[in-house]
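Structural characterization, general
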Amino acid sequence: MSDSLFDLPDPARGGRAHANDPAFPEPSAASGGSASEHGRRRSRAPLAVRMRPRTLDEVVGQKHLLRTGSPLRALVTGLTGPAAPSSVILWGPPGTGKTTIAHVIARGHDTTFVELSAVTAGVKDVRRVMDEALTARDLHGRTTVLFLDEIHRFTKAQQDALLPGVENGWVVLVAATTENPSFSVISPLLSRSLLLTLQPLERSDIGELLERAVTEPRGLDGAVRLDPAAREHLLDVAGGDARKALTSLEAAAAVALSHATDSSAAAATDGAGRAGNGTGARERAVGYDEAGEPVGVGADGGAAGSGGTGTSGQTGASRGTGEGSGVTREDTDGRAAAPPTVTLADAEEAVNRAAVRYDKTGDQHYDVVSAFIKSIRGSDVDAAMHYLARMIEAGEDPRFIARRLIISASEDIGMADPTALQTAVAAAQAVQLIGMPEGRIPLAEAVVHLATAPKSNAAYLAVDAAIADVRAGRAGTVPRHLRDAHYPGAAELGHGAHYVYAHDAPNAVAAQQYPPDELVGRDYYEPTQFGHEKNVARRLEILRGLVRGTAGG
């Protein structure tokens, strides 16, 4: 069994959870002690913590990482032999199971599990763990598994402190990060670890998790039922985040139970008023139909609950369940009525805004803006509008979006529609002037213009080709007739001699050499046949003939 900081149980050996483990609360002798009573009280730990998987078989999703013989299974099962367990870096968005997998590893066999968070730990803490791990290995033959959460928050110096322990096998590192390790983890540590990428959970995976949470004793234990429409709403707002889904379910269940309690109190008050109006027990009823009429009245004047039969002299207000009450109580046979249902209205009241995966300095920032620009380039205005909305909702700086639009108008549209750049610049100025949220409107207008405009990257390719020649050394001397001739002595050097002023030439186009000698005849700009650039192409053919003196006579 694992000797971890959590002292977690070993499911394979029937181990019991530590008393301090919020996911597995124990009944208290001082409070009556029965497990059923404790189950009804429920732990104060969040639902997402209580539902954390205890074995790899309970983990939903990430099947590509949990196959037989995988590094993660080796860490859990305590693989022995020449192939020792490898250090791993778990990379994935929030709510995909990084911490969950680490806690399952904590239950592994013959290991010491230590958890540190890069938010609070420092080099001193890392070195202490390394010293203790070395002692545990040499004196007791035990392997230490170090779980380091948020490793991307560690500085280079702090990550360097991990290297001796990882390289020499003092610890098996399990690091978790939401940032791309290629940018946030030092290369020596990456080369000594396996990088495992966790994918956002599928809708079906989160649906399975919600169903477990509603029924399992460590979850809501059947205290509520989940309406299919409410389930779909929770899946919508989860955004592939299991923790978000469970937190939303817990909030929605609280709303449903609160409404049920309010309805029960109102029904009890109403029933007490009817009982005291002098008409006797015959008019006492538990529930009332939509018209306000009592329902469930027994033949002998007693009140019957939902599906129950009244008995003489019994007051249904304390025993029955009215059809419209929606409250869990006992019927006249002492059986528990159906629990309250979490409706779509309850779920929307609890959470009405979907989780947007976005980080202004991380992968999501670059991935979403990349998809945004590529959608504009690909002329998919609807996809471009979607990514614009994602950036706006995530709080992206609108000036950043506007700058990207200016670049897109120049790079991907160019001379096919020269007005696109004007629209993009105008949108940037408008955002600067009016701010948000109204600034979203000119941004949307620019997105529509750019996405639906004809496309050309000819100007972009032209300047890059010219730059490539310059970098390759093809930058000859400027022809003498084009050199600056305004200063004294320039004439003696021949600068400006024989220069033809273009406005004095026919058609205002002078036939003379403009590029350096080695670039004469080199064409950089190759216009397309799209949009306005088709006209430019015809004009360019004429202009090149006139300038180079090759125009037909």
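By convention here, each chain's residues receive numbers from 1 onward along its written sequence. Per-residue local features of the predicted model are confined to residues with pLDDT of at least 70, and side-chain atom pairs are confined, for both listing and counting, to 80 or more; whole-chain, interface and lining totals are unaffected and use all residues. Values reported for side chains reflect all heavy atoms of the structure, with hydrogen atoms and water molecules removed beforehand.

**Observations regarding the overall build of the protein chain**
- Numbering of helices and strands runs from the N terminus; a helix is a DSSP stretch of H or I covering at least four residues, while a strand is a stretch of E covering at least two. Within the protein chain, the secondary structure is distributed over 20 helices and nine strands.
- Residues classed as buried in the protein chain amount to 41% of the 553 residues present.
- Note on definitions: a residue-residue contact is assigned when non-hydrogen atoms from the two residues lie within 4.5 Å. A separation of at least 24 residues holds for 67% of the contacts in the protein chain among residues at least 6 apart in sequence.
- Per-residue accessibility takes into account occlusion by the displayed protein chains alone, with areas from the Shrake-Rupley method and a 1.4 Å probe. Accessible surface computed for the protein chain: about 28500 Å², of which carbon and sulfur atoms make up 54%. Throughout, exposure labels follow a simple rule: accessible area from a 1.4 Å probe, protein chains only, divided by the maximum for the residue type, with under 20% read as buried, over 50% as exposed, and the rest as partly exposed.

**Here we look at the pattern of salt bridges**
- We define a salt bridge as a contact between a side-chain nitrogen of Lys or Arg and a carboxyl oxygen of Asp or Glu at a distance within 4 Å. Under the criterion given, the structure shown has 21 salt bridges.
- A salt bridge links E58 to R54; the nearest nitrogen and oxygen atoms lie 3.1 Å apart.
- Exposure remark for R54: the relative accessible area of 26% places this residue in the partly exposed category.
- What you see here is one network of salt bridges that share partners, running through R203, E211, R231, E232 and D236.

**Concerning the packing of helix α17 (residues 419-434) against helix α18 (residues 440-452)**
- Structural elements are reduced to axes, namely lines fitted to C-alpha atoms, with helices fitted over the stretch in contact, and the angle between N-to-C directions of any two is expressed from 0 to 180 degrees. Contact geometry for α17 and α18: axes closest at 9 Å, N-to-C directions at 170°. Considering the angle they form, α17 stands roughly antiparallel to α18. Where α17 abuts α18, its residues T419, A420, T423, A427, A430, V431 and I434 lie against P442, L443, A446, H449 and L450.
- Following the grouping adopted for this structure description, the nonpolar residues are Ala, Val, Leu, Ile, Met, Phe, Trp, Tyr, Cys and Pro, the charged ones are Asp, Glu, Lys and Arg, and the polar ones are all others, Gly among them. Of the residues assigned to the contact of α17 with α18, the class counts are nine nonpolar, three polar and no charged. Note on terminology: angles under 35 degrees are roughly parallel, angles over 145 are roughly antiparallel, angles of 65 to 115 are roughly perpendicular, and the others are oblique.

**Focus on helix α5 (residues 123-140)**
- Expected span of a helix: the number of residues minus one, times 1.5 Å. Compared with an ideal rise of 1.5 Å per residue, which puts 18 residues at 26 Å, α5 spans 25 Å between its outermost C-alpha atoms and is within 8% of the ideal.
- For α5, the set of buried residues is V126, V129, M130, A133 and A136. Buried residues of α5 fall within an arc of 130° about the axis and therefore sit on the same side. For α5, the exposed residues set more than 90 degrees away from the buried face come down to K124, R127, D131 and L139.
- Elements that come into contact with the buried residues of α5 comprise β2 (111-117), β3 (143-149), α7 (163-168) and β4 (171-177).
- Backbone geometry just after α5 places G141 at a positive phi near 65°. Read the arc as the range of directions from the helix axis to the C-beta atoms.

**Section: the nonpolar core**
- The set of buried Ala, Val, Leu, Ile, Met, Phe, Trp, Tyr and Cys residues whose side-chain atoms join them within 4.5 Å is what this entry labels a nonpolar core. Grouped together as the largest cluster of nonpolar side chains are 27 residues, with contacts concentrated most on L47, I206, L210, L246, L249 and V342.
- Of all the secondary-structure elements, those providing two or more residues to this core are α2 (47-50), α10 (203-215), α11 (228-238) and α12 (242-275).
- The contacts of I206, once residues within four sequence positions are left out, are L201, L235, A238, G240, D241, A242 and A245.

**Quick notes on the pairing of β4**
- Most of β4 is tucked away, with seven of its seven residues classed as buried.
- Here β4 shows no split at all, with V171, L173, A175 and T177 on one side and V172, V174 and A176 on the other all buried.
- Pairing between strands is defined by DSSP: at least two bridges between them are needed. Where strand β1 (residues 88-91) and β4 come together, four bridges link them in parallel fashion. For V88, the partnering residue across the bridge sits in β4 and is V174.
- With five bridges joining them, β3 and β4 adopt parallel strand pairing. When the bridges of β4 are listed, L146 appears paired with L173.

**Describing the side chain of S248**
- Along the chain, S248 turns up in helix α12.
- Exposure remark for S248: the relative accessible area of 4% places this residue in the buried category.
- What S248 contacts, discounting residues up to four positions off in sequence, is L234, V237, A350 and V351.

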